[in-house]
Amino acid sequence: MDLTERFRLAATAVRNAGAIVITAGAGMGVDSGLPDFRGEFGFWNAYPMYERLGISFAGAANPAHFDRDPAFAWGFYGHRTNLYRETIPHAGFHLLLDWCSRFGLDSFVVTSNVDGQFQKAGFSDSNILEVHGSIHYLQCTGPCSSAIWENDEAIPVDSATMRAGHIPRCIHCVATARPNILMFGDWSWISDRTERQERCFDEFAARLRDRSVVVIEMGAGTAIPTIRHTSEQLGRRIGATVIRINPREGEIAPPHISIPCGALEGLRGIAVLLAK
Ligand SMILES: [Zn+2]
């Protein structure tokens, strides 16, 4: 089956749907120019400094650095925070928003990305589940309490040393603050915000029974399979049609629809047919 035929099947599924669940992994950000850290080299291509230091993604994304060397820890997370603040979500986000309003679709976003790009593109914060948290929120490293607050601090980072010139502090004690995201080997992530979002999603999903539901999944790989499982579960439990857009790991069995290309290309391909 060629791509056009796959786009046609996907367009029909979207047009016939009453509700849409948008699921996204790291590949979603690639068309906005964001690195997806794919493999050790993907991370080092984005951050050559860490290759010189011999530090992997899992090594950098480790909460232990906040205790040992906060300027180093915040070098990595401050750089990413600044990058996500500056990034403009690609046109695919707006195509999805357009379909929701044009076809009157109830919608919910489930993403493993911590970059806040769906909110930035205009999706309602109350209909988003960020399974690994958000880099735009902070918590105490202790933690001394379960407080989670918005990160509105400027964090300059020296790109030669990848060290931060400012360290955010806990609002309740003197400890270093850290992003409220799940890291590798992380025992102190406060999951309350994500759990609240999970309850909203469960309530949304409970309302979907007996309705025609389409899931559009983008850029979710097999390395961290949470997002793929979410899509497949909706396919099994409520009979949703899953449209899996992924250039390298796009396989999914019929009646679901596999679209083996990047997120933006896939969404544009479907949009052309929805415009007719
Ligand atoms: Zn504290």
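Predicted, not measured: the structure shown is a model, and the values here were computed from it.

## Things to note about the packing of helix α1 (residues 3-16) against helix α11 (residues 263-274)
Alright, step 1. Axis separation between α1 and α11 bottoms out at 8 Å; the angle between their running directions is 65°. Taken together, the axis directions place α1 and α11 in an arrangement best described as roughly perpendicular. Classified by chirality, the crossing of α11 by α1 is right-handed. Where α1 approaches α11, its residues L3, T4, F7, R8, A10, A11, V14 and R15 are matched on the opposing element by E265, G266, G269, I270, L273 and L274.
Alright, step 2. Its residues assigned to classes, the contact of α1 with α11 comprises 8 nonpolar, 3 polar and 3 charged.

## Topic: the pattern of salt bridges
Alright, step 1. Per the stated rule, a full pass over the model turns up 10 salt bridges.
Alright, step 2. Between R8 and E5 there is a salt bridge, with the nearest N and O atoms lying 3.5 Å from each other. Residue R8 and its partner E5 are located together in helix α1, separated by 3 residues, close to a single helical turn.
Alright, step 3. For the salt bridge of E130 with R193, the shortest nitrogen-to-oxygen distance reads 2.9 Å. Of this pair, E130 sits in strand β3 (residues 128-130) while R193 sits in helix α9 (residues 192-206), placing them 63 residues apart in sequence.

## Some words on the environment of Y47
Alright, step 1. Summarising the element assignment, Y47 is placed in the loop between α2 (39-46) and α3 (48-53).
Alright, step 2. Here Y47 falls in the buried class, since its relative accessible area comes to 3%.
Alright, step 3. For the pair formed by Y47 and F76, sequence separation is 29 residues and the distance between their alpha carbons is 9.0 Å.
Alright, step 4. Beyond its immediate chain neighbours, meaning those up to four positions away, Y47 contacts F37, F76, H79, R80 and M162.

## What to know about the sheet that holds strand β4 (residues 133-140)
Alright, step 1. An order of β5-β4-β8 is seen for the 3 strands of this open sheet, with the pairing classed as antiparallel. What marks the edges here is a single partner per strand, and that holds for β5 (149-150) and β8 (177-181).
Alright, step 2. Helix α6 (residues 70-86) rests against β4 and β8 of the sheet, and its axis sits at about 140° to β4.

## Brief notes about a negative patch on the surface
Alright, step 1. On the surface, D192, E195, E198, D202 and E203 cluster together to form a negatively charged patch.
Alright, step 2. Examined against the element boundaries, E203 turns out to sit in helix α9.
Alright, step 3. E203 gets classed as exposed once you look at its relative accessible area, which sits at 52%.

## A few points about α6
Alright, step 1. Between its terminal C-alpha atoms α6 stretches 23 Å, which fits the 24 Å expected from 17 residues at 1.5 Å a residue.
Alright, step 2. A maximum bend of about 25° is found in α6 at F76.
Alright, step 3. Among the 17 residues of α6, 12 are classified as buried, and the element is accordingly described as predominantly covered.
Alright, step 4. Every buried residue of α6 is accounted for by A71, F72, A73, W74, G75, F76, Y77, G78, R80, T81, N82 and Y84.

Scoring rules and cut-offs
- All residue numbers refer to position in the chain's written sequence, counted from 1.
- Reporting of local features is limited, given that this is a predicted model, to residues whose pLDDT is at least 70; pairs of side-chain atoms are given and counted only at 80 or more, and all residues count toward the totals for whole chains, interfaces and linings.
- Side-chain metrics rest on all non-hydrogen atoms present in the structure, leaving aside hydrogens and water.
- Working convention: axes come from line fits to C-alpha atoms, limited for helices to the stretch in contact. Angles between N-to-C directions cover 0 to 180 degrees.
- Helix and strand assignments follow DSSP, with helices taken as H or I runs no shorter than four residues and strands as E runs no shorter than two, numbered in order from the N terminus.
- Orientation labels follow simple angle bins: below 35 degrees gives roughly parallel, above 145 gives roughly antiparallel, 65 to 115 gives roughly perpendicular, and whatever is left gives oblique.
- Whether a crossing is left-handed or right-handed is set by the direction in which the near helix is turned from the far one by less than a right angle, anticlockwise for left-handed and clockwise for right-handed.
- Residues are treated as being in contact if the distance between any of their heavy atoms lies within 4.5 Å.
- Polar here means any residue other than Ala, Val, Leu, Ile, Met, Phe, Trp, Tyr, Cys and Pro, which are nonpolar, and Asp, Glu, Lys and Arg, which are charged; Gly is therefore polar.
- By salt bridge we mean one thing: a side-chain nitrogen of Lys or Arg within 4 Å of a carboxyl oxygen of Asp or Glu.
- Buried, partly exposed and exposed residues are distinguished by accessible area as a fraction of the type maximum, computed with a 1.4 Å probe on protein chains only: under 20%, between the cut-offs, and over 50%, respectively.
- Any two strands between which DSSP finds at least two bridges are classified as paired.
- A residue counts toward a patch only above 30% relative accessible area and without a salt bridge, and it is joined to like-charged neighbours within 9 Å or, for Val, Leu, Ile, Met, Phe, Trp and Tyr, to nonpolar neighbours within 5 Å.
- A 1.4 Å probe and the Shrake-Rupley method give the accessible areas. Residues count as covered only by the protein chains that appear here.
- For the purpose of counting charges, residues Lys and Arg are taken to be positive, whereas Asp and Glu are taken to be negative. His and the chain ends are not included.
- By convention, the charge on Lys lies at NZ, on Arg at CZ, on Asp at CG and on Glu at CD.
- The length a helix should cover is 1.5 Å for every residue beyond the first.
- The angle separating two fitted axes, one through the seven residues that finish at a residue and one through the seven that start at it, defines the bend at that residue.

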